[in-house]
Amino acid sequence: MTDATRETTYQCPTCRRLELFVQPQCEEGHGEQCPDWACVICGTALFVDTSFAEGEQVQVEKVRKAPRVA
C-alpha cells in the first residue's frame, strides 16, 4: 500500500455538483491509467475513459494521505 493517492474533480452524478474524486488502489495492474475513481463525499464510483480524460485536459494531482485520527 502506498502513502500517496491521486485526486481530481469530476461532476458527481449523485451529489449533482463538481466534487473531489480519488483513485483507489488499482488491483488490476492499470497503474496510473486506472479508470476507477470514487467521490470523496458520497462514494459514487466512476469508470473514466482515460483517453477522454486526457482530451479534456483533466488535472490529476498526487497527494499524500492525511493520517487517520481515531
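Read on for an overview of the structure. Small disclaimer: the values here were computed from a predicted structure and weren't measured.

### Quick look at the side chain of threonine 44
Item 1. Within the secondary structure, threonine 44 is located in the loop between β3 (36-39) and β4 (45-47).
Item 2. Using a relative accessible area of 17% as the deciding quantity, one classes threonine 44 as buried.
Item 3. In this structure the side chain of threonine 44 is engaged in a polar contact, spanning 2.6 Å, whose partner is the side chain of threonine 14.
Item 4. Those residues in contact with threonine 44 that lie beyond four places of it in its chain are Cys12, Pro13, Thr14, Phe21, Trp37, Ala38 and Cys39.

### Focus on the environment of glutamate 19
Item 1. Take glutamate 19: it is sitting in strand β2 (residues 17-23).
Item 2. Looking at glutamate 19, the relative accessible area reads 11%, which means it is buried.
Item 3. Taking the C-alpha atoms as reference points, glutamate 19 and threonine 9, 10 residues apart in sequence, are found 5.4 Å from one another.
Item 4. In this structure glutamate 19 touches Thr8, Thr9, Tyr10, Cys12, Cys39 and Ile41, once residues within four positions along its chain are discounted.

### As for the pattern of salt bridges
Item 1. Counted by the stated rule, this structure contains one salt bridge.
Item 2. Linking arginine 17 and glutamate 19 is a salt bridge whose minimum nitrogen-to-oxygen distance equals 2.4 Å.

### Overview of the side chain of glutamine 23
Item 1. With respect to the helices and strands, the residue glutamine 23 is situated in strand β2.
Item 2. The exposure class assigned to glutamine 23 is buried, which follows from its relative accessible area of 8%.
Item 3. Within polar-contact distance, the side chain of glutamine 23 engages the side chain of arginine 6 at 2.7 Å.
Item 4. Within the structure, the side chain of glutamine 23 is placed 2.5 Å from the backbone oxygen of cysteine 34, a separation counted as a polar contact.
Item 5. Look past the residues within four positions of glutamine 23 in its chain and what remains in contact with it is Thr5, Arg6, Glu32, Cys34, Asp36 and Trp37.

Rules used throughout
- Residues numbered from 1 in each chain as written.
- Predicted model: local features only at pLDDT ≥ 70, side-chain atom pairs only at ≥ 80, totals over all residues.
- Heavy atoms only, no water.
- Helix = DSSP H or I, 4+ residues; strand = E, 2+ residues; numbered from the N terminus.
- Buried < 20%, exposed > 50% of the residue type's maximum accessible area, 1.4 Å probe, protein only.
- Polar contact = N/O pair within 3.5 Å; in protein donor to acceptor, adjacent residues only side chain to side chain.
- Contact = heavy atoms within 4.5 Å.
- Salt bridge = Lys/Arg side-chain N within 4 Å of Asp/Glu carboxyl O.

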